[in-house]
Amino acid sequence: MKKQTPPFSAAVLAWYDAHARSMPWRAAQGARPDPYAVWLSEIMLQQTTVVVVGPYFEKFLAAWPNVEALAAASLDDVLRAWAGLGYYSRARNLKACADLIVAELGGKFPEEEEALRALPGIGPYTSAAIASIAFDRQANVVDGNVERVMARYFAVRTPLPTAKPELRARAFELLPATRPGDYAQGLMDLGATVCTPRNPKCSACPVASSCLAAAQGIAAELPMRAPKAAKPLRRGAVFWVQRDDGAVLLRRRPARGLLGGMMEVPTGPWGEEALTTQDKRAHAPLDLEWELLPGSVRHTFTHFHLELEVYAVRAGRVGAVEGEWVEVSRLEDTALPSVMKKVVRHVLAGLDS
Ligand code: SF4
């Protein structure tokens, strides 16, 4: 523990007191935030922006105002409310974490990083953020904003991701013992609003007088990044079967893997090569005369682009088949991942035209 607040953190704290961003999950100045709200916002913010998360956070808090209410909710309701935020494993972990906290921890979040990290869906960054923001613990909270501030403040020219350990160590050196939770949020806000990726506003920055990148005139060039590998394209086929009564066949994806446990319009495997006619027959949910609809559905996941051919068929009487039949007008309310919502829109637009 440091005995004195170093000048860097003092400058960040003073700046934060004057310029803190207003966010729905933040407590008023001087008040202690609700750990449940901090945890919920941090899980939602993993891989998603503050602007996108705001309405989802408010919707969740209105439906489930505390961890007990979330634990009492059904997983399908939670997944449905989550639809659009992507990465559904986070929603499943959110629910598992709420269940565990209520069942085993008396509804109380642990205050230490290590104990937080043992919970579902909480990794090193999120445990540090919750310990710091909710419980004012001296934790090293390093997100992309903080990495950028460190790379510039210390003029680190090593490209990301190689520079990550060095940037973490630099951030650790600067951690104050005083108001660590406010400091963590202040540093993130500074990165998000002043030390921005493009056109950093050094003239408005509270640490400009000691910033090495500003002194050397290289702020906008940092942090350097190793060139990214292009995302590969995967292809697949999706099968839309609609009965005469209007119901559409959906089925649940396996619990493990991408979009695990989510409902889908039945699809075959996704691979680099387009499926052969024989493969398509083998993976179609029913042996029927499938019609290929014009166009395709494209969706981008973190590590690859996906292009789906869409096959459709109208069926009268259908025998037993894996999955469930959902009235087409209820598809909007079904917890479908974004890629499947695109499939639904594509088919309905094709059938309308
Ligand atoms: Fe970033 Fe400029 Fe502030 Fe340095 S002076 S931390 S480059 S905004």
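What counts, and at which threshold
- Along each chain, numbering runs from 1 in the same order as the chain's sequence is written.
- Totals for whole chains, interfaces and linings use all residues, but because this is a predicted model, local features are given only for residues with pLDDT of at least 70 and pairs of side-chain atoms are given and counted only at 80 or more.
- The side-chain quantities take in all heavy atoms of the structure and omit both hydrogens and water.
- Helix and strand labels come from DSSP, where a helix needs a run of H or I of at least four residues and a strand needs a run of E of at least two; each type is numbered from the N terminus.
- Multiply 1.5 Å by the residue count of a helix minus one, and that product is the helix's expected span.
- We call a residue buried when its accessible area falls under 20% of the maximum for its residue type, exposed when it is over 50%, and partly exposed in between, using a 1.4 Å probe and counting protein chains only.
- Should any heavy atoms of two residues lie within 4.5 Å, those residues are counted as being in contact.
- Buried Ala, Val, Leu, Ile, Met, Phe, Trp, Tyr and Cys residues form a nonpolar core when they are joined through side-chain atoms within 4.5 Å.
- Marked domain ranges trace back to an automatic or database domain assignment.
- The nearness test applies per residue and asks whether one of its heavy atoms lies within 4 Å of the molecule or strand.
- Basically, the charged four are Asp, Glu, Lys and Arg, the nonpolar ten are Ala, Val, Leu, Ile, Met, Phe, Trp, Tyr, Cys and Pro, and anything else, Gly included, counts as polar.
- For Phe, Tyr and Trp, where Trp contributes only its six-membered ring, two rings pair if their centres lie within 6.5 Å, and the inter-plane angle classes them as stacked under 30 degrees, edge-to-face over 60, or tilted in between.
- As a reminder, the over-ring test applies to NZ of lysine and CZ of arginine, requiring each to be within 6 Å of the ring centre and within 35 degrees of the ring normal.
- Any two strands between which DSSP finds at least two bridges are classified as paired.
- Whenever two N or O atoms come within 3.5 Å, that pair is a polar contact, provided that in protein one can donate a hydrogen and the other can accept it, and provided that, for residues adjacent in sequence, both atoms are side-chain atoms.
- The rule for a salt bridge is simple: a side-chain nitrogen of Lys or Arg has to be within 4 Å of a carboxyl oxygen of Asp or Glu.
- Summed over both partners, the accessible surface that disappears when two parts come together, traced with a 1.4 Å probe, is what is meant by buried area.

Draft legend 1. A look at helix α11 (residues 180-193). Under the 1.5 Å per step criterion, the end-to-end length of α11 is 20 Å for 14 residues, consistent within 8% with the ideal 20 Å. A large share of α11 lies buried, amounting to 11 of its 14 residues. In this structure, the buried side of α11 is in contact with α1 (7-19), α8 (124-135), α9 (144-153) and α10 (164-174).

Draft legend 2. Main features of the nonpolar core. Among the nonpolar cores identified, the biggest contains 104 residues, and Phe8, Trp39 and Met150 are the most heavily contacted of them. The biggest single contributor to this core is helix α2 (residues 35-45), with 8 residues. Three or more residues apiece are contributed to this core by two domains, here domain 1 (7-221) and domain 2 (233-352). Contact partners of Met150, with chain neighbours within four places excluded, come to Phe8, Ala155, Val156, Leu167, Arg170, Ala171, Leu174 and Leu187.

Draft legend 3. Just the site of the ligand, in detail. Near the ligand you find Arg152, Cys195, Cys202, Cys205, Val207, Ala208, Cys211, Ala214 and Ala219, and these make up its full shell. Looking at side-chain class alone, the shell around the ligand contains 8 nonpolar, no polar and 1 charged residues.

Draft legend 4. Region of interest: the packing of aromatic side chains. Applying the stated criterion to the full structure yields 12 aromatic pairs. Between Tyr153 and Phe154, the ring centres sit 5.1 Å apart and the planes meet at 90°, which makes this aromatic pair edge-to-face. Both residues of the pair, Tyr153 and Phe154, count as buried. For Arg170, the ring lying beneath its charged end belongs to Phe154, and the centroid distance is 4.3 Å.

Draft legend 5. Seen up close, the pairing of strand β6 (residues 305-315). The sheet contact formed by strand β1 (residues 233-243) and β6 spans 11 bridges and is parallel. Across the sheet, residue Arg243 finds its bridge partner in β6, namely Ala315. Across 2 bridges, strand β4 (residues 291-292) lies against β6 in antiparallel orientation. Within β6, the position partnered with Leu292 by the bridge is Tyr311. Hairpin connection, strand β5 (residues 297-300) to β6: the antiparallel pair is bridged by 4 residues.

Draft legend 6. Geometry of the side chain of Gln46. Mapping Gln46 onto the fold places it in the loop between α2 and α3 (50-63). Here the side chain of Gln46 touches Thr126 through a polar contact of 2.8 Å, side chain to side chain. Leaving out residues up to four positions away in the same chain, Gln46 has contacts with Arg90, Gly121 and Thr126.

Draft legend 7. Molecular detail of the pattern of salt bridges. Under the counting rule described, the total for this entry stands at 19 salt bridges. Of the charged contacts, one joins Glu264 and Arg253 as a salt bridge, the two residues approaching to 2.7 Å between their closest N and O atoms. Residue Glu264 is found in strand β3 (residues 263-264), and its partner Arg253 is found in the loop between β2 (247-252) and β3; the two are separated by 11 residues along the sequence. Residue Glu264 is classed as buried on the basis of its relative accessible area, which comes to 4%.

Draft legend 8. A look at the domain arrangement of the protein chain. The assigned domain composition of the protein chain is domain 1 (7-221) and domain 2 (233-352). Taking the mean C-alpha position of each, domain 1 and domain 2 sit 37 Å from one another. Summing both sides of the interface, domain 1 and domain 2 together bury roughly 760 Å²; the carbon and sulfur share of this comes to 50%. Three residues stand out in domain 1 for area buried against domain 2, namely Arg80, Tyr88 and Arg92, and they jointly supply 54% of the buried area on that side. Its salt-bridge partner being Arg252, residue Asp76 comes within 3.5 Å of it at the nearest N-O pair. Here domain 1 and domain 2 share 3 residue pairs in polar contact (both at pLDDT 80 or more) between them. Looking at which element gives the most residues to the side of domain 1 that touches domain 2, the answer is helix α5 (residues 75-82), with 3 residues. Broken down by class, the residue content of the side of domain 1 that touches domain 2 amounts to 4 nonpolar, 1 polar and 3 charged.

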